[in-house]
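One letter stands for each residue in the lines below.
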Amino acid sequence: MTVSLPLVVVLGIVAWTAIKFLGVRLWVAVVIALFGFYLAHTFLAPAIDDSTRNGVRVVNGTHT
C-alpha cells in the first residue's frame with residue numbers, strides 16, 4: 001500500500017504543531033511563509049527546489 005502526502009500538507013501540519021504546542025506566534029509563521037514566497041522569486045529558487053527534491057528522494061529511499 002502506498003500513501004501519498006503532499007509536502008505542503010506536511011509543512012502545514014508542522015507549522016500548526018509549532019503554533020499550537022511550541023508557542024510560536026501566528027505572525028511569526030506568516031512572516032516565515034511570506035519569506036518563502038519571496039525566496040521563490042530569487043536566484044536561489046532552483047537550488048532550494050533541487051535540495052527539497054533530493055531530500056524527499058532520500059526519505060522515500062529512491063536514490064538515483
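Residues numbered from 1 in each chain as written. Predicted model: local features only at pLDDT ≥ 70, side-chain atom pairs only at ≥ 80, totals over all residues. Heavy atoms only, no water.

### Observations regarding the UniProt feature "transmembrane region" (unreviewed entry) in the protein
Selection rule: UniProt positions are given in the numbering used here, feature names are shortened, and annotations may be inferred rather than shown by experiment. Only runs of H or I of at least four residues qualify as helices and only runs of E of at least two qualify as strands under DSSP, and these elements are numbered from the N terminus.
UniProt feature "transmembrane region" (unreviewed entry): in the numbering of this structure it lies at residues 27-48. Split by type, residues 27-48 is 77% helix and 0% strand. Its first and last C-alpha atoms lie 24 Å apart.

### What about a nonpolar patch on the surface?
Note the cut-off: Patches here are clusters of residues that have more than 30% relative accessible area and form no salt bridge, with a 9 Å joining cutoff for like charges and a 5 Å cutoff for nonpolar side chains (Val, Leu, Ile, Met, Phe, Trp, Tyr). Each accessible area value is a Shrake-Rupley result obtained with a 1.4 Å probe; residue values ignore everything except the protein chains displayed when judging cover. Salt bridges are counted wherever a side-chain nitrogen of Lys or Arg sits within 4 Å of a carboxyl oxygen of Asp or Glu. The buried label goes to any residue with under 20% of its type's maximum accessible area, the exposed label to any with over 50%, and the partly exposed label to all in between, with areas taken from a 1.4 Å probe on protein chains only.
Where nonpolar side chains cluster on the molecular surface, the patch consists of L5, L7, V8, V9, V10, L11, I13, V14 and V56 and spans about 760 Å² of accessible area. On the secondary structure map, I13 appears in helix α1 (residues 7-21). When its relative accessible area of 49% is taken as the criterion, I13 is described as partly exposed.

### Digging into the pattern of salt bridges
Side chains carrying opposite charge are able to pair once their charged atoms draw close together. In the structure shown here, the tally under the stated rule is one salt bridge. The shortest N-O distance in the salt bridge between R53 and D49 comes to 3.1 Å. One end of the pair is R53 and the other is D49, both in helix α3 (residues 45-60) and four residues apart, which spans about a single turn. A relative accessible area of 47% means that R53 is categorised as partly exposed. By relative accessible area, which is 35% here, D49 ends up partly exposed.

### Quick word on the packing of aromatic side chains
Rules: Pairing of aromatic side chains here covers Phe, Tyr and the six-membered ring of Trp, requires ring centres within 6.5 Å, and sorts the geometry by plane angle: under 30 degrees stacked, over 60 edge-to-face, intermediate tilted.
Taken as a whole and assessed by the stated rule, the structure comprises two aromatic pairs. The interplanar angle of 90° and the centroid separation of 5.9 Å between the aromatic rings of W16 and F21 together place this pair among those described as edge-to-face.

### Observations regarding the layout of surface pockets
Our working rule: Using protein atoms alone on a 1 Å grid, points that fit a 1.4 Å probe yet trap it form a cavity, whereas open point sets bounded by protein on both sides within 12 Å along at least five of seven lines form a pocket; residues with an atom within 4 Å of a point count as lining. Grid points are joined across faces, edges and corners, and a volume is the space filled by probe spheres set on the points. Residues are grouped as follows: Ala, Val, Leu, Ile, Met, Phe, Trp, Tyr, Cys and Pro are nonpolar; Asp, Glu, Lys and Arg are charged; all remaining types, including Gly, are polar.
Of the volumes computed, that of the largest pocket is approximately 410 Å³. Around the largest pocket, the lining comprises 14 residues; the ones closest to its centre are L11, G12, A15, I32 and A33. Within the residue set of the lining of the largest pocket, elements represented by two or more residues are α1 and α2 (26-39). For the lining of the largest pocket, the element with the most residues is α1, which contributes eight residues. Looking at side-chain class alone, the lining of the largest pocket contains 12 nonpolar, two polar and no charged residues.

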